[in-house]
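As a plain string of letters, each chain reads:
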Amino acid sequence: MRHYPDWKRRTLLSRALSENMQLEQKVNILLVDDRPENLLALEAILESLGQNLVKASSGEEALRCLLKQDFAVILLDVQMPGIDGFETARLVRERERSRHTPIIFLTAFSTINTHVFRGYSLGAVDYLFKPIESEILSSKVAVFVDLWRKTAEVEQQAVQLAAVNAKLRESEKRLSQVNDELEVRVQKRTAELTKINESLQSEIAERHRVEGALRVSTEQLRASLIEKEVLLKEIHHRVKNNLQIISSLLNLQTDYIHDQRDLEIFKVSQNRIESMALIHEKLYQSKDLARIEFCEYIQDLVSSLVCSYEVNSSKVDLKVNIEQVLLGLDLAIPCGLIINELVLNSLKHAFPEGRSGEICIEFYVESDDRIALIISDNGIGFPQGIDFRNTESLGLQLVNSLMNQIGGTIELNATQGTEFKMKLPM
Ligand SMILES: Nc1ncnc2c1ncn2[C@@H]1O[C@H](COP(=O)(O)OP(=O)(O)O)[C@@H](O)[C@H]1O
Ligand SMILES: [Mg+2]
């Protein structure tokens, strides 16, 4: 709990004191004497003090006055008819309210009873002998007036202090209430934050779990991809092997064929199968299992054709001008077969009876979506009577139908030797 600082307390107190000073009031002084002339004399002496002088002509009257108000000091004549000064003093002392009111006895020296005074000497009692010296009386009374004032002042200050203290306590209570409310709000907010934190934690945990699961499934995917690649490679390898087996079977069969024309048909079929087997071999060797380096493939294909036709390489030159291009299986197989047919035709038909010349193969990317393939020879030339798009023979029929299949175009230029110009979509 917080308290007011010292400076604040001091300010409140001094404000209260200064208010008190302004309220200075006249003080009551009780004059008791059975003789009116004595009362008048006392009044005359004390008038200059400027206080409220109350006169009583007997002990009884004095006691009645004490019932009505409080007095700073009582001037009490000792010898009075009825209850005398001492008895009056005793009764005054009996009352709680006037127990500490100072009493000054006024007495003739001759009537002094020292025992009685001694009895009173412990209380706030003084005595003066008649005839009274006005200066002494005035100054004694002034002392009591001052004492009364100071006491009253202190009492009032005590009351104000109590009020200030009560205010302070009230403020402290309010402060404590505010503190308590604040604490409750802080606790509530803390609880909310804790809840949010917990839900965040569980969200993070969930995310970690999902990430972990994702990692696992990515790894599984990668593993399965690797597995599939291995499998695909294996399939290319087996397809190639099977095609080679077919080719070998055809080759074995040729031993039993005696007709030259039938033999030729077998040989061409064998070439076709081998050109396909070569593609699968290239795919099997390729890093990218779906696409092959077509340049390498054409070179291998053409040299194997030359070998199989036992062409004297000193008579027929092969010129190959091929750009590095990666081709997918869909395009590579028909392209391979087309090249197979056209190069074979040049080998077979363009240079009869040991003639010499050259065969040219060009393959390059013409635009973003088109490849150019040109196969030409400077042999005897394509027979004028044959429509290359519409032949009886299978070779060129195959070329045309494959070209249709891949959506390409083919043109023949027979002005000098034979030149087939083809455009293939990428
Ligand atoms: N480069 C060529 N030079 C000369 N004649 C050719 C050439 N290509 C094809 N021919 C002629 O076109 C004919 C048809 O060819 P093709 O359909 O491949 O059948 P095949 O080759 O089995 O005879 C061939 O018989 C040949 O007379
Ligand atoms: Mg042919």
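Every chain's residues receive numbers from 1 upward, in the order its sequence appears when written. Numbering of ligands from 1 and lettering of chains from A proceed in the order in which they are written. Confidence filtering applies because this is a predicted model: local features only for residues at pLDDT of at least 70, side-chain atom pairs given and counted only at 80 or more, and all residues used for totals across whole chains, interfaces and linings. The basis for the side-chain values is all heavy atoms of the structure; hydrogens and waters are excluded.

**Student:** Can you walk me through the sheet that holds strand E3 (residues 73-77) in this structure?
**Tutor:** Adjacent strands of a sheet pair through backbone hydrogen bonds, lying either parallel or antiparallel. Strand pairing is assigned whenever DSSP detects at least two bridges linking the two strands. Counting from the N terminus, the helices are DSSP H or I runs at least four residues long and the strands are E runs at least two residues long. Strand order in this open sheet of five strands is E2-E1-E3-E4-E5, and the pairing throughout is parallel. Where the open sheet ends on each side, the last strands, each with one partner, are strand E2 (52-56) and strand E5 (125-130). Here the average twist between neighbouring strands, direction ignored, is 20 degrees. Bridge count for strand E1 (residues 28-32) against E2 is five bridges, and the pairing is parallel. Bridging from a neighbouring strand, Leu31 pairs with Lys55 of E2. Contacting E1, E2 and E3, helix H3 (residues 59-68) crosses the sheet at an angle of about 165 degrees to E1. Any two residues whose heavy atoms approach within 4.5 Å at even a single point are treated as in contact. Lines fitted to C-alpha atoms define the axes, with helix axes restricted to the stretch in contact, and inter-axis angles between N-to-C directions lie between 0 and 180 degrees. The strands touched by helix H4 (residues 85-94) within the sheet are E3, strand E4 (103-108) and E5, with E4 carrying the most contacts at an inclination of about 170 degrees.

**Student:** I keep staring at the packing of helix H6 (residues 134-254) against helix H7 (residues 260-285) and nothing clicks. Help me out?
**Tutor:** Each pair of packed helices gets described by two things: the angle between the helix axes and the distance between those axes. Running from N to C, H6 and H7 point in directions that differ by 165 degrees, and their axes come no closer than 8 Å. The angle between H6 and H7 falls in the class roughly antiparallel. At the point where H6 passes H7, the crossing takes the left-handed sense. Following the grouping adopted for this structure description, the nonpolar residues are Ala, Val, Leu, Ile, Met, Phe, Trp, Tyr, Cys and Pro, the charged ones are Asp, Glu, Lys and Arg, and the polar ones are all others, Gly among them. Grouping the amino acids of the contact of H6 with H7 by side-chain chemistry returns eleven nonpolar, ten polar and four charged. Should an angle fall under 35 degrees it is called roughly parallel, over 145 degrees roughly antiparallel, and 65 to 115 degrees roughly perpendicular, with every other angle called oblique. Note on convention: the crossing is left-handed when the near helix lies turned anticlockwise from the far helix by less than a right angle, right-handed when the turn is clockwise.

**Student:** What am I meant to see in a nonpolar patch on the surface here?
**Tutor:** The patches reported here contain residues having more than 30% relative accessible area and no salt bridge. Joining distances are 9 Å for like charges and 5 Å for nonpolar side chains (Val, Leu, Ile, Met, Phe, Trp, Tyr). Per-residue and other accessible areas follow the Shrake-Rupley method at a 1.4 Å probe size, with only the shown protein chains counted as cover for residues. Salt bridge, as used here, is a side-chain nitrogen of Lys or Arg placed within 4 Å of a carboxyl oxygen of Asp or Glu. Among the surface-exposed residues, Leu193, Ile196 and Leu200 lie close enough to one another that they form a single nonpolar patch of about 260 Å² accessible area. Following the sequence through the fold, Leu193 ends up in helix H6. Exposed residues in this analysis have more than 50% of their type's maximum accessible area, buried residues have under 20%, and partly exposed residues fall in between, with area computed by a 1.4 Å probe over protein chains only. Owing to a relative accessible area of 44%, Leu193 belongs among the partly exposed residues under this scheme.

**Student:** What is the right way to read the environment of Glu419 from this model?
**Tutor:** With respect to the helices and strands, Glu419 occurs in strand E12 (residues 418-425). Along the chain, Glu419 and Asn378 lie 41 residues apart, while their C-alpha atoms are 8.4 Å from each other. Setting aside its immediate chain neighbours within four residues, Glu419 contacts Ile374, Ile375, Ser376, Glu411, Leu412 and Asn413.

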